[in-house]
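The lines below spell out each chain.
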Amino acid sequence: MTRIVMKFGGTSMAGIERIRIVAQRVKREWEMGNEVAVVVSAMAGETDRLVNFCREASSLYDPREYDVVVSSGEQVTSGLLAIALQAIGVPARSWMGWQLPIRTSDGHASARIEDIDTQALGNSLTNREVAVIPGFQGLASGERVTTLGRGGSDTSAVAMAAAMKADRCDIYTDVDGVYTTDPRIVPRARKLKRVTYEEMLELASVGAKVLQTRSVGLAMKEGVRVQVLSSFVEATDDPEPGTLIVGEEEIEDMERQLITGIAHDKSEAKVTLAEVPDRPGAVAAIFGPLAEANINVDMIVQNIAHTTGSTDVTFTVPRAELARALDTLEKSRGEIGFSKVIHDPRVAKISVVGVGMRSHAGVASRMFDTLGARGINILAITTSEIKVSVLIEEDYTELAVRVLHTAYGLDAEDEAA
Ligand code: ASP
Ligand code: MG
(Lines give C-alpha, C1' and ligand atoms only; values in the text may rest on other atoms or scores of the structure.)
(Ligands and ions follow the chains in the order given, each with its own letter.)
Protein backbone atom coordinates (compact mmCIF):
# COMPACT_ATOMS: atom_id res chain seq x y z
CA MET A 1 0.00 0.00 0.00
CA THR A 2 1.46 3.32 -1.03
CA ARG A 3 0.69 6.25 1.20
CA ILE A 4 1.08 9.68 -0.31
CA VAL A 5 0.66 13.28 0.76
CA MET A 6 -0.35 15.65 -2.03
CA LYS A 7 -0.04 19.38 -1.39
CA PHE A 8 -1.67 22.05 -3.55
CA GLY A 9 -0.62 25.69 -3.44
CA GLY A 10 -2.72 28.83 -3.69
CA THR A 11 -2.77 29.12 -7.48
CA SER A 12 -3.94 25.49 -7.76
CA MET A 13 -6.79 26.24 -5.33
CA ALA A 14 -7.81 29.64 -6.75
CA GLY A 15 -11.47 29.14 -7.59
CA ILE A 16 -13.90 26.28 -7.96
CA GLU A 17 -12.80 25.38 -11.51
CA ARG A 18 -9.25 24.82 -10.34
CA ILE A 19 -10.36 22.96 -7.25
CA ARG A 20 -12.26 20.59 -9.56
CA ILE A 21 -9.06 19.94 -11.49
CA VAL A 22 -7.25 19.26 -8.21
CA ALA A 23 -10.02 16.84 -7.22
CA GLN A 24 -9.44 14.91 -10.47
CA ARG A 25 -5.73 14.66 -9.69
CA VAL A 26 -6.49 13.35 -6.24
CA LYS A 27 -9.02 10.90 -7.63
CA ARG A 28 -6.43 9.54 -10.04
CA GLU A 29 -4.04 8.67 -7.21
CA TRP A 30 -6.84 7.31 -5.06
CA GLU A 31 -8.12 5.08 -7.88
CA MET A 32 -4.66 3.53 -8.18
CA GLY A 33 -5.27 2.18 -4.69
CA ASN A 34 -3.08 4.68 -2.86
CA GLU A 35 -3.86 6.06 0.58
CA VAL A 36 -4.11 9.78 0.02
CA ALA A 37 -3.90 12.74 2.40
CA VAL A 38 -4.16 16.17 0.79
CA VAL A 39 -2.78 19.38 2.29
CA VAL A 40 -4.12 22.62 0.82
CA SER A 41 -3.25 26.31 0.78
CA ALA A 42 -5.75 29.14 0.82
CA MET A 43 -6.82 30.53 -2.55
CA ALA A 44 -4.10 32.70 -4.10
CA GLY A 45 -4.22 36.21 -2.64
CA GLU A 46 -6.56 35.23 0.17
CA THR A 47 -4.00 35.19 2.99
CA ASP A 48 -2.77 38.66 1.97
CA ARG A 49 -6.34 39.89 2.08
CA LEU A 50 -6.84 38.46 5.56
CA VAL A 51 -3.54 39.88 6.82
CA ASN A 52 -4.63 43.31 5.60
CA PHE A 53 -7.92 43.06 7.46
CA CYS A 54 -6.00 42.49 10.69
CA ARG A 55 -3.76 45.48 10.05
CA GLU A 56 -6.75 47.61 9.22
CA ALA A 57 -8.54 46.55 12.39
CA SER A 58 -5.59 47.57 14.55
CA SER A 59 -1.90 48.08 13.94
CA LEU A 60 -1.36 46.48 17.35
CA TYR A 61 -3.40 43.36 16.73
CA ASP A 62 -3.28 40.40 19.09
CA PRO A 63 -1.26 37.70 17.26
CA ARG A 64 -3.56 35.01 18.64
CA GLU A 65 -6.51 36.62 16.91
CA TYR A 66 -4.44 37.24 13.77
CA ASP A 67 -3.95 33.47 13.63
CA VAL A 68 -7.69 32.91 13.98
CA VAL A 69 -8.28 35.23 11.03
CA VAL A 70 -5.52 34.19 8.63
CA SER A 71 -5.92 30.45 9.19
CA SER A 72 -9.46 30.69 7.82
CA GLY A 73 -8.37 30.76 4.17
CA GLU A 74 -7.24 27.14 4.39
CA GLN A 75 -10.42 26.11 6.18
CA VAL A 76 -12.41 27.28 3.16
CA THR A 77 -10.31 25.45 0.56
CA SER A 78 -10.14 22.19 2.52
CA GLY A 79 -13.92 22.07 2.84
CA LEU A 80 -14.37 22.95 -0.83
CA LEU A 81 -11.97 20.25 -1.97
CA ALA A 82 -13.74 17.65 0.17
CA ILE A 83 -17.03 18.69 -1.47
CA ALA A 84 -15.50 18.54 -4.97
CA LEU A 85 -14.09 15.06 -4.24
CA GLN A 86 -17.40 13.76 -2.95
CA ALA A 87 -19.09 15.13 -6.07
CA ILE A 88 -16.96 12.85 -8.27
CA GLY A 89 -17.51 9.80 -6.12
CA VAL A 90 -14.46 9.95 -3.86
CA PRO A 91 -15.20 9.62 -0.14
CA ALA A 92 -13.43 12.52 1.51
CA ARG A 93 -13.50 14.63 4.64
CA SER A 94 -11.68 17.64 5.98
CA TRP A 95 -9.67 17.69 9.21
CA MET A 96 -8.93 21.07 10.74
CA GLY A 97 -5.61 21.43 12.49
CA TRP A 98 -7.35 21.50 15.87
CA GLN A 99 -9.36 18.38 15.10
CA LEU A 100 -6.37 16.07 14.63
CA PRO A 101 -4.69 17.92 16.36
CA ILE A 102 -1.49 19.32 14.86
CA ARG A 103 0.34 20.50 17.98
CA THR A 104 2.61 23.52 17.61
CA SER A 105 4.71 25.85 19.70
CA ASP A 106 3.14 29.01 21.11
CA GLY A 107 4.90 31.28 18.61
CA HIS A 108 1.84 32.82 17.08
CA ALA A 109 2.11 33.77 13.39
CA SER A 110 5.30 31.72 13.10
CA ALA A 111 4.63 28.59 15.15
CA ARG A 112 6.58 25.35 14.77
CA ILE A 113 4.96 21.96 14.46
CA GLU A 114 5.79 19.78 17.46
CA ASP A 115 3.58 16.76 17.11
CA ILE A 116 0.82 15.42 14.89
CA ASP A 117 -1.72 12.94 16.20
CA THR A 118 -2.22 10.61 13.23
CA GLN A 119 -4.55 8.09 14.83
CA ALA A 120 -7.85 9.35 13.42
CA LEU A 121 -6.24 10.15 10.08
CA GLY A 122 -4.76 6.68 9.79
CA ASN A 123 -8.16 5.08 10.38
CA SER A 124 -9.74 7.33 7.81
CA LEU A 125 -7.15 6.44 5.17
CA THR A 126 -7.40 2.72 5.88
CA ASN A 127 -11.13 3.04 5.24
CA ARG A 128 -10.35 4.36 1.74
CA GLU A 129 -11.29 7.90 2.66
CA VAL A 130 -9.28 10.85 1.34
CA ALA A 131 -8.24 13.17 4.17
CA VAL A 132 -8.11 16.88 3.32
CA ILE A 133 -6.02 18.93 5.72
CA PRO A 134 -5.67 22.71 5.75
CA GLY A 135 -2.02 23.70 5.62
CA PHE A 136 -0.48 26.55 7.58
CA GLN A 137 -2.41 25.93 10.83
CA GLY A 138 -2.05 24.15 14.12
CA LEU A 139 -2.97 24.26 17.78
CA ALA A 140 -0.89 25.66 20.63
CA SER A 141 -1.19 25.27 24.37
CA GLY A 142 -4.41 26.69 25.78
CA GLU A 143 -6.11 25.26 22.67
CA ARG A 144 -5.38 28.37 20.65
CA VAL A 145 -5.16 28.26 16.86
CA THR A 146 -1.72 29.03 15.41
CA THR A 147 -0.25 29.57 11.96
CA LEU A 148 3.20 28.57 10.76
CA GLY A 149 4.45 31.69 8.99
CA ARG A 150 3.86 32.69 5.37
CA GLY A 151 4.30 29.86 2.90
CA GLY A 152 3.85 27.43 5.79
CA SER A 153 1.62 24.95 3.96
CA ASP A 154 4.71 23.35 2.45
CA THR A 155 5.93 22.67 5.97
CA SER A 156 2.50 21.31 6.95
CA ALA A 157 2.68 18.86 4.05
CA VAL A 158 6.20 17.66 4.83
CA ALA A 159 5.40 17.32 8.54
CA MET A 160 2.28 15.38 7.68
CA ALA A 161 4.24 13.08 5.36
CA ALA A 162 6.82 12.47 8.10
CA ALA A 163 4.22 11.81 10.80
CA MET A 164 2.23 9.44 8.58
CA LYS A 165 5.35 7.75 7.22
CA ALA A 166 4.17 8.53 3.72
CA ASP A 167 6.11 7.08 0.79
CA ARG A 168 6.01 10.39 -1.05
CA CYS A 169 5.16 14.04 -0.56
CA ASP A 170 4.11 15.61 -3.86
CA ILE A 171 4.03 19.40 -3.80
CA TYR A 172 1.88 20.72 -6.64
CA THR A 173 2.55 24.30 -7.60
CA ASP A 174 2.42 26.55 -10.67
CA VAL A 175 5.86 25.57 -11.95
CA ASP A 176 6.72 22.06 -13.12
CA GLY A 177 9.84 21.67 -11.01
CA VAL A 178 13.06 23.24 -9.84
CA TYR A 179 15.18 24.79 -12.58
CA THR A 180 18.90 25.42 -12.94
CA THR A 181 17.94 29.08 -12.71
CA ASP A 182 14.96 31.38 -13.21
CA PRO A 183 13.62 30.48 -16.71
CA ARG A 184 12.28 34.01 -17.13
CA ILE A 185 15.87 35.23 -17.14
CA VAL A 186 17.47 32.30 -18.93
CA PRO A 187 15.11 30.63 -21.42
CA ARG A 188 17.64 27.80 -21.74
CA ALA A 189 17.38 26.93 -18.04
CA ARG A 190 16.84 23.21 -17.55
CA LYS A 191 14.49 21.46 -15.21
CA LEU A 192 16.39 19.37 -12.67
CA LYS A 193 15.29 15.75 -12.37
CA ARG A 194 16.80 15.48 -8.92
CA VAL A 195 18.30 17.86 -6.42
CA THR A 196 19.69 17.15 -2.96
CA TYR A 197 18.12 18.53 0.21
CA GLU A 198 21.19 20.62 0.89
CA GLU A 199 21.21 22.16 -2.58
CA MET A 200 17.50 22.85 -2.36
CA LEU A 201 18.01 24.52 1.01
CA GLU A 202 20.59 26.84 -0.50
CA LEU A 203 18.51 27.47 -3.61
CA ALA A 204 15.35 28.09 -1.58
CA SER A 205 17.03 30.45 0.84
CA VAL A 206 18.86 32.42 -1.84
CA GLY A 207 15.81 33.23 -3.83
CA ALA A 208 14.47 30.28 -5.84
CA LYS A 209 11.06 30.63 -4.22
CA VAL A 210 9.59 27.24 -5.00
CA LEU A 211 9.30 25.85 -1.48
CA GLN A 212 9.30 27.38 1.96
CA THR A 213 12.88 26.94 3.20
CA ARG A 214 11.74 25.50 6.49
CA SER A 215 9.92 22.67 4.74
CA VAL A 216 13.12 21.60 3.01
CA GLY A 217 15.02 21.52 6.29
CA LEU A 218 12.31 19.39 7.80
CA ALA A 219 12.26 17.03 4.80
CA MET A 220 16.03 16.61 5.13
CA LYS A 221 15.81 15.91 8.85
CA GLU A 222 12.97 13.42 8.47
CA GLY A 223 14.12 11.90 5.18
CA VAL A 224 10.86 12.73 3.39
CA ARG A 225 11.01 12.26 -0.39
CA VAL A 226 9.59 15.48 -1.77
CA GLN A 227 8.60 16.02 -5.37
CA VAL A 228 7.82 19.45 -6.81
CA LEU A 229 5.46 19.31 -9.78
CA SER A 230 2.85 21.35 -11.59
CA SER A 231 -0.88 21.02 -11.18
CA PHE A 232 -1.30 22.80 -14.51
CA VAL A 233 0.32 20.09 -16.59
CA GLU A 234 -1.76 17.09 -17.59
CA ALA A 235 -1.04 14.01 -15.46
CA THR A 236 1.03 11.33 -17.22
CA ASP A 237 2.32 7.85 -16.37
CA ASP A 238 5.79 9.25 -15.65
CA PRO A 239 6.28 8.55 -11.93
CA GLU A 240 8.73 11.46 -11.68
CA PRO A 241 7.42 14.27 -13.86
CA GLY A 242 8.74 17.05 -11.61
CA THR A 243 11.87 17.53 -9.53
CA LEU A 244 12.62 15.05 -6.79
CA ILE A 245 14.34 16.36 -3.66
CA VAL A 246 16.33 13.53 -2.12
CA GLY A 247 19.45 12.58 -0.18
CA GLU A 248 22.81 12.82 -1.92
CA GLU A 249 23.15 9.01 -2.09
CA GLU A 250 20.13 8.85 -4.39
CA ILE A 251 21.80 10.89 -7.09
CA GLU A 252 23.91 8.94 -9.54
CA ASP A 253 27.41 10.20 -10.13
CA MET A 254 26.64 10.27 -13.83
CA GLU A 255 23.94 12.89 -13.51
CA ARG A 256 25.88 15.00 -11.07
CA GLN A 257 26.96 18.37 -12.38
CA LEU A 258 29.60 20.57 -10.86
CA ILE A 259 27.00 23.28 -10.36
CA THR A 260 23.34 22.47 -9.85
CA GLY A 261 21.79 25.88 -9.99
CA ILE A 262 22.18 29.63 -9.93
CA ALA A 263 19.96 31.80 -7.77
CA HIS A 264 19.50 35.53 -7.48
CA ASP A 265 18.10 37.54 -4.64
CA LYS A 266 17.20 41.21 -4.70
CA SER A 267 15.86 41.38 -1.18
CA GLU A 268 18.99 42.67 0.52
CA ALA A 269 20.57 46.08 0.95
CA LYS A 270 24.22 46.95 1.41
CA VAL A 271 25.49 49.00 4.33
CA THR A 272 29.04 50.29 4.70
CA LEU A 273 30.39 51.85 7.87
CA ALA A 274 33.37 54.02 7.05
CA GLU A 275 36.36 54.39 9.32
CA VAL A 276 35.49 51.98 12.10
CA PRO A 277 38.33 51.97 14.66
CA ASP A 278 40.63 48.99 14.12
CA ARG A 279 40.53 47.47 17.59
CA PRO A 280 39.20 44.33 19.32
CA GLY A 281 35.48 44.49 19.94
CA ALA A 282 34.74 46.96 17.14
CA VAL A 283 32.92 44.43 15.00
CA ALA A 284 30.99 43.12 18.01
CA ALA A 285 29.84 46.68 18.69
CA ILE A 286 28.27 46.74 15.21
CA PHE A 287 26.60 43.35 15.01
CA GLY A 288 25.54 43.03 18.65
CA PRO A 289 22.93 45.81 18.48
CA LEU A 290 21.71 44.59 15.08
CA ALA A 291 21.21 41.10 16.45
CA GLU A 292 19.37 42.53 19.44
CA ALA A 293 17.09 44.40 17.06
CA ASN A 294 16.44 41.04 15.35
CA ILE A 295 17.98 42.18 12.08
CA ASN A 296 19.55 39.36 10.10
CA VAL A 297 22.96 40.20 8.72
CA ASP A 298 23.99 38.10 5.76
CA MET A 299 27.23 38.95 3.94
CA ILE A 300 30.06 40.68 5.80
CA VAL A 301 33.27 42.17 4.45
CA GLN A 302 35.86 43.85 6.58
CA ASN A 303 38.65 45.68 4.83
CA ILE A 304 42.24 45.76 5.97
CA ALA A 305 42.95 48.68 8.26
CA HIS A 306 44.27 51.85 6.67
CA THR A 307 47.43 53.33 8.07
CA THR A 308 45.04 55.61 9.92
CA GLY A 309 44.09 52.73 12.23
CA SER A 310 40.57 52.46 10.96
CA THR A 311 38.75 50.09 8.64
CA ASP A 312 35.58 49.99 6.51
CA VAL A 313 32.99 47.31 7.28
CA THR A 314 30.42 46.34 4.65
CA PHE A 315 27.48 44.00 5.20
CA THR A 316 23.99 43.27 3.97
CA VAL A 317 20.64 43.35 5.76
CA PRO A 318 17.14 42.60 4.43
CA ARG A 319 15.96 45.58 2.36
CA ALA A 320 12.77 45.72 4.37
CA GLU A 321 14.87 46.22 7.52
CA LEU A 322 17.24 48.83 6.11
CA ALA A 323 15.61 51.81 7.84
CA ARG A 324 15.57 50.01 11.16
CA ALA A 325 19.19 48.90 10.70
CA LEU A 326 20.33 52.47 9.99
CA ASP A 327 18.44 53.70 13.02
CA THR A 328 20.01 51.02 15.22
CA LEU A 329 23.50 51.86 13.93
CA GLU A 330 22.97 55.57 14.46
CA LYS A 331 21.98 54.90 18.07
CA SER A 332 25.17 52.89 18.62
CA ARG A 333 27.36 55.38 16.84
CA GLY A 334 29.09 56.35 20.08
CA GLU A 335 30.17 52.79 20.92
CA ILE A 336 31.08 51.81 17.35
CA GLY A 337 32.79 55.03 16.37
CA PHE A 338 32.39 55.12 12.57
CA SER A 339 32.69 58.33 10.56
CA LYS A 340 29.75 57.78 8.21
CA VAL A 341 27.23 55.24 6.92
CA ILE A 342 26.82 54.58 3.22
CA HIS A 343 23.86 52.48 2.17
CA ASP A 344 22.58 51.12 -1.10
CA PRO A 345 19.45 49.04 -1.58
CA ARG A 346 20.11 48.52 -5.28
CA VAL A 347 22.21 45.37 -4.96
CA ALA A 348 21.64 41.73 -5.83
CA LYS A 349 23.10 38.55 -4.48
CA ILE A 350 23.99 35.94 -7.08
CA SER A 351 24.73 32.42 -5.84
CA VAL A 352 26.05 29.31 -7.55
CA VAL A 353 25.09 26.13 -5.73
CA GLY A 354 26.15 22.53 -6.12
CA VAL A 355 27.33 19.60 -4.01
CA GLY A 356 29.84 18.94 -6.79
CA MET A 357 32.00 21.84 -5.64
CA ARG A 358 32.97 19.89 -2.51
CA SER A 359 35.29 17.80 -4.61
CA HIS A 360 36.29 20.31 -7.29
CA ALA A 361 38.48 23.37 -7.05
CA GLY A 362 38.08 26.43 -9.21
CA VAL A 363 34.36 27.03 -8.92
CA ALA A 364 34.75 30.43 -7.28
CA SER A 365 37.50 31.59 -9.60
CA ARG A 366 35.42 30.70 -12.64
CA MET A 367 32.64 32.82 -11.20
CA PHE A 368 34.92 35.80 -10.60
CA ASP A 369 36.53 35.48 -14.05
CA THR A 370 33.17 35.26 -15.79
CA LEU A 371 31.77 38.31 -14.04
CA GLY A 372 35.01 40.26 -14.44
CA ALA A 373 35.07 39.62 -18.18
CA ARG A 374 31.65 41.29 -18.40
CA GLY A 375 32.74 44.26 -16.33
CA ILE A 376 30.56 43.28 -13.40
CA ASN A 377 32.03 44.49 -10.14
CA ILE A 378 31.89 42.27 -7.06
CA LEU A 379 30.98 44.15 -3.87
CA ALA A 380 31.07 41.29 -1.37
CA ILE A 381 31.59 37.52 -1.31
CA THR A 382 30.48 34.69 0.93
CA THR A 383 31.00 30.97 0.56
CA SER A 384 29.85 27.74 2.12
CA GLU A 385 30.83 24.18 1.31
CA ILE A 386 28.33 23.98 -1.55
CA LYS A 387 27.71 27.64 -2.42
CA VAL A 388 29.50 30.77 -3.58
CA SER A 389 27.59 34.05 -3.37
CA VAL A 390 28.59 37.47 -4.65
CA LEU A 391 26.96 40.82 -4.20
CA ILE A 392 26.71 42.97 -7.34
CA GLU A 393 24.86 46.05 -8.55
CA GLU A 394 21.21 45.22 -9.09
CA ASP A 395 21.18 46.38 -12.72
CA TYR A 396 23.55 43.56 -13.66
CA THR A 397 21.45 40.76 -12.16
CA GLU A 398 20.08 39.31 -15.38
CA LEU A 399 23.38 39.56 -17.23
CA ALA A 400 25.26 37.90 -14.38
CA VAL A 401 22.84 35.01 -14.13
CA ARG A 402 22.91 34.48 -17.88
CA VAL A 403 26.69 34.48 -18.31
CA LEU A 404 27.21 32.24 -15.28
CA HIS A 405 24.60 29.79 -16.53
CA THR A 406 26.59 29.44 -19.73
CA ALA A 407 29.98 29.43 -18.01
CA TYR A 408 29.05 26.42 -15.87
CA GLY A 409 27.65 24.52 -18.84
CA LEU A 410 24.06 24.59 -17.64
CA ASP A 411 22.37 25.81 -20.84
CA ALA A 412 19.97 23.31 -22.38
CA GLU A 413 21.24 22.03 -25.71
CA ASP A 414 18.08 21.33 -27.61
CA GLU A 415 16.24 24.61 -27.25
CA ALA A 416 17.49 27.73 -28.94
CA ALA A 417 17.48 30.70 -26.61
N1 ASP B 1 -1.77 30.60 2.76
C2 ASP B 1 -0.54 30.79 3.47
C3 ASP B 1 0.29 31.87 2.81
O4 ASP B 1 -0.13 32.44 1.81
C5 ASP B 1 0.26 29.53 3.58
C6 ASP B 1 0.67 28.90 2.28
O7 ASP B 1 0.01 29.07 1.27
O8 ASP B 1 1.67 28.19 2.26
O9 ASP B 1 1.32 32.21 3.28
MG1 MG C 1 3.85 28.48 -1.38
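Residues numbered from 1 in each chain as written. Chains lettered and ligands numbered in written order. Predicted model: local features only at pLDDT ≥ 70, side-chain atom pairs only at ≥ 80, totals over all residues. Heavy atoms only, no water.

1. Description of the site of ligand 1
And step 1. What surrounds ligand 1 is the set Ser 41, Thr 47, Glu 74, Phe 136, Arg 150, Gly 151, Gly 152 and Ser 153.
And step 2. Residue Thr 47 places a side-chain N or O atom 2.8 Å away from a nitrogen atom belonging to ligand 1.
And step 3. In isolation ligand 1 has 260 Å² of accessible area, and contact with the protein removes 85% of it.
And step 4. Because more than half of its atoms lie within 2 Å of the grid, ligand 1 is assigned to the second largest pocket.
And step 5. Taken together, the residues of the shell around ligand 1 sort by class into one nonpolar, five polar and two charged. (Near = heavy atom within 4 Å. Polar contact = N/O pair within 3.5 Å; in protein donor to acceptor, adjacent residues only side chain to side chain. Areas by Shrake-Rupley, 256 points an atom, 1.4 Å probe, with all protein chains shown as cover. 1 Å grid on protein atoms, 1.4 Å probe; cavity = no way out; pocket = protein on both sides within 12 Å on 5 of 7 lines; lining within 4 Å. Sits in = over half its atoms within 2 Å of the grid points. Nonpolar A, V, L, I, M, F, W, Y, C, P; charged D, E, K, R; others polar.)

2. A short note on the pattern of salt bridges
And step 1. Scanning the entire structure with this criterion turns up 30 salt bridges.
And step 2. Two residues, Arg 225 and Glu 250, come together in a salt bridge whose shortest N-O distance is 2.4 Å. On the criterion of sequence distance, the pair formed by Arg 225 in the loop between helix H8 (213-222) and strand S11 (226-230) and Glu 250 in the loop between strand S12 (243-246) and strand S13 (261-265) is long-range, its members being 25 residues apart.
And step 3. According to the relative accessible area criterion, Arg 225 is partly exposed, its value standing at 28%.
And step 4. One continuous salt-bridge network, built from bridges that share partners, spans Arg 194, Arg 225, Glu 240 and Glu 250. (Salt bridge = Lys/Arg side-chain N within 4 Å of Asp/Glu carboxyl O. Helix = DSSP H or I, 4+ residues; strand = E, 2+ residues; numbered from the N terminus. Buried < 20%, exposed > 50% of the residue type's maximum accessible area, 1.4 Å probe, protein only.)

3. Remarks on a negative patch on the surface
And step 1. On the surface, a cluster of negative charge is made up of Asp 106, Glu 114, Asp 115 and Asp 117.
And step 2. Along the chain, Glu 114 falls in strand S5 (residues 113-116).
And step 3. Looking at Glu 114, the relative accessible area reads 57%, which means it is exposed. (Patch = residues over 30% accessible without salt bridge, like charges linked within 9 Å, V, L, I, M, F, W, Y side chains within 5 Å. Lys, Arg positive; Asp, Glu negative; His and termini not counted. Charge placed at Lys NZ, Arg CZ, Asp CG, Glu CD.)

4. Examining the packing of helix H2 (residues 46-57) against helix H3 (residues 63-70)
Two quantities define a packed helix pair, namely the angle between the helix axes and the distance between the axes.
And step 1. Their axes nearest at 9 Å, the elements H2 and H3 cross at an angle of 145°. The hand of the H2/H3 crossing is right-handed. Touching Thr 47, Leu 50, Val 51 and Cys 54 of H2 are Tyr 66, Val 69 and Val 70, all from H3.
And step 2. Here the residues of the contact of H2 with H3 are counted per class, giving six nonpolar, one polar and no charged. (Axes fitted to C-alpha atoms, helices over the stretch in contact; angles between N-to-C directions. Left-handed = near helix turned anticlockwise from the far one by under 90°. Contact = heavy atoms within 4.5 Å.)

5. Things to note about H3
And step 1. Of all the positions in H3, only Tyr 66, Asp 67 and Val 70 are classed as buried. Down the axis of H3, the smallest arc covering the buried residues is 100°, so these residues share one side.
And step 2. Buried residues along H3 sit in contact with H2, helix H4 (72-87) and strand S8 (144-147). (Arc of directions from axis to C-beta.)

6. Side note on the packing of aromatic side chains
And step 1. Considering all chains together, one arrives at three aromatic pairs under this definition.
And step 2. On the basis of an interplanar angle of 15° and a centroid distance of 4.6 Å, the ring pair of Phe 8 and Tyr 172 is categorised as stacked. Of this pair, Phe 8 sits in strand S1 (residues 3-8) while Tyr 172 sits in strand S9 (residues 168-173), and the two are 164 residues apart along the sequence.
And step 3. In this structure Phe 8 comes out as buried when scored by relative accessible area, which is 0%.
And step 4. Residues Phe 287 and Phe 315 carry aromatic rings whose centres are separated by 5.0 Å and whose planes lie at 75° to one another, so their mutual orientation is edge-to-face. Here Phe 315 lies in strand S16 (residues 310-318) and Phe 287 lies in helix H9 (residues 282-292), a separation of 28 residues in the sequence. (Phe/Tyr/Trp six-rings, centres within 6.5 Å; stacked < 30°, edge-to-face > 60°.)

7. Considerations on the pairing of strand S19 (residues 380-384)
And step 1. In the sheet, S19 pairs with strand S20 (residues 387-393) via five bridges, with the strands oriented antiparallel. Bridge pairing in S20 places Thr 383 opposite Val 388.
And step 2. Counted between consecutive antiparallel strands, the loop separating S19 from S20 contains two residues. (Pairing = 2+ DSSP bridges.)

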